[in-house]
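Structural characterization, general
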Amino acid sequence: MALEHAILVSLDERSGSGYELAQRFEKSIGFFWAATHQQIYRTLKRMVELGWVSRHEVAQDGRPDKKVYEVADAGRAELARWLASPSEPETLRHDLSVKIRGASLGDAAALTGEIARHRDLHAERLDVYLAIEKKDFPDPSALSGRRLHQYLVLRGGVRAERALVEWCDEVLAAMREDDRR
């Protein structure tokens, strides 16, 4: 997925300034697609040039005018094209897996600490997702359309984080058992 498509989805949900968009990335979309403020602003500029988004200025008292972006017809057409195109399944690829594979080549005790740290970070993210689910989606059976789709993505995150916590627990238990042998 290109950053452009994540921005189009976000702006279609709600128009906003580059700053507001960056805030959304930090609080929601960023859980699934990360981008820096600079990447977002560069991409917005390119999307305006492509005609995918339009920009208008809103006057503010005592501050520079705010540039507000919204999806243009060409952006909706691009989003529809992208949504209909096939995508590749995600590949599990991260440093921790390679480190575990090579654990016997280095300091296994230090690696165990790193695995525990990852486990705790995944558990924290899982708690955040569960809090969002409880606050924003108290009755999933009543959801439809955009709200249902947002909920389903969040549920994917809940399942992924839960699986990573369980996997880290499994790895830690196996490595500790191996140390006792």
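Residues numbered from 1 in each chain as written. Predicted model: local features only at pLDDT ≥ 70, side-chain atom pairs only at ≥ 80, totals over all residues. Heavy atoms only, no water.

The name given to the chain in an unreviewed UniProt entry is PadR family transcriptional regulator, with the source organism recorded as Saccharothrix carnea.

**Points about the pairing of strand β3 (residues 63-71)**
Two faces belong to every sheet, and in a regular strand the side chains alternate between them. Judged from the two bridges that link them, strand β1 (residues 16-17) and β3 form a sheet pairing that is antiparallel. Directly across from Ser17, in β3, lies its bridge partner Val68. Of the pairings in the sheet, the one linking strand β2 (residues 53-60) to β3 comprises seven bridges and is antiparallel in character. Residue pairing across strands places Val58 opposite Lys66, the latter belonging to β3. (Pairing = 2+ DSSP bridges. Helix = DSSP H or I, 4+ residues; strand = E, 2+ residues; numbered from the N terminus.)

**Brief notes about helix α6 (residues 108-136)**
A rise of 1.5 Å per residue sets the reference length of α6, with its 29 residues, at 42 Å; its end C-alpha atoms lie 41 Å apart and thus fit the reference within 8%. If you check which residues of α6 are buried, you get Leu111, Thr112, Ile115, His122, Ala123, Leu126, Tyr129 and Glu133. For α6, the secondary structure elements touched by its buried residues are α5 (95-101) and α7 (145-180). Capping of α6 at its N-terminal end is provided by Asp107; its side-chain oxygen lies 3.2 Å from the backbone amide nitrogen of Ala109. (Expected span 1.5 Å × (residues − 1). Buried < 20%, exposed > 50% of the residue type's maximum accessible area, 1.4 Å probe, protein only. Contact = heavy atoms within 4.5 Å. Polar contact = N/O pair within 3.5 Å; in protein donor to acceptor, adjacent residues only side chain to side chain.)

**Some remarks on the domain arrangement of the chain**
Domain boundaries assigned for the chain yield domain 1 (3-84) and domain 2 (95-179). Each side of the interface is counted separately: domain 1 has four residues, and domain 2 has eight residues. Where domain 1 abuts domain 2, roughly 540 Å² becomes buried across the two surfaces, and 62% of that area is made up of carbon and sulfur atoms. Of all residues in domain 1, Glu13, Phe31 and Phe32 give up the largest surface area on contact with domain 2, accounting jointly for 87% of the area buried on that side. Where domain 1 packs against domain 2, one counts one salt bridge. One salt bridge connects Asp12 with Arg146, and the closest N-O pair in it is separated by 2.7 Å. Taken together, the connections running from domain 1 to domain 2 amount to two residue pairs in polar contact (both at pLDDT 80 or more). Among the residues making up the side of domain 1 that touches domain 2, the classes are represented as two nonpolar, no polar and two charged. (Domains from an automatic or database assignment. Buried area = accessible area lost by both parts, 1.4 Å probe. Salt bridge = Lys/Arg side-chain N within 4 Å of Asp/Glu carboxyl O. Nonpolar A, V, L, I, M, F, W, Y, C, P; charged D, E, K, R; others polar.)

**Remarks on the environment of Leu148**
Examined against the element boundaries, Leu148 turns out to sit in helix α7. Along the sequence, Leu148 and Lys134 sit 14 residues apart, while their C-alpha atoms lie 14 Å from each other.

**Quick notes on the sheet that holds β3**
Pairing within the open sheet is antiparallel, and its three strands lie in the order β1-β3-β2. The open sheet has two edge strands with one neighbour each: β1 and β2. Contacting β2 and β3, helix α3 (residues 37-50) crosses the sheet at an angle of about 115 degrees to β2. (Axes fitted to C-alpha atoms, helices over the stretch in contact; angles between N-to-C directions.)

**Observations regarding the packing of helix α1 (residues 3-13) against α3**
Here α1 crosses α3 at 85 degrees, and the two axes come no closer than 10 Å. The orientation of α1 with respect to α3, classified from their angle, is roughly perpendicular. Touching Leu3, Glu4, Ile7, Leu8 and Leu11 of α1 are Gln39, Ile40, Thr43, Leu44, Arg46 and Met47, all from α3. Looking at the contact of α1 with α3, its residues break down into seven nonpolar, two polar and two charged. (Parallel < 35°, antiparallel > 145°, perpendicular 65-115°, else oblique.)

**So, the side chain of His122**
With respect to the helices, strands and loops of the structure, His122 is situated in helix α6. In this view, His122 contacts Glu161, Leu164 and Val165; residues no more than four positions away in its chain are not counted.

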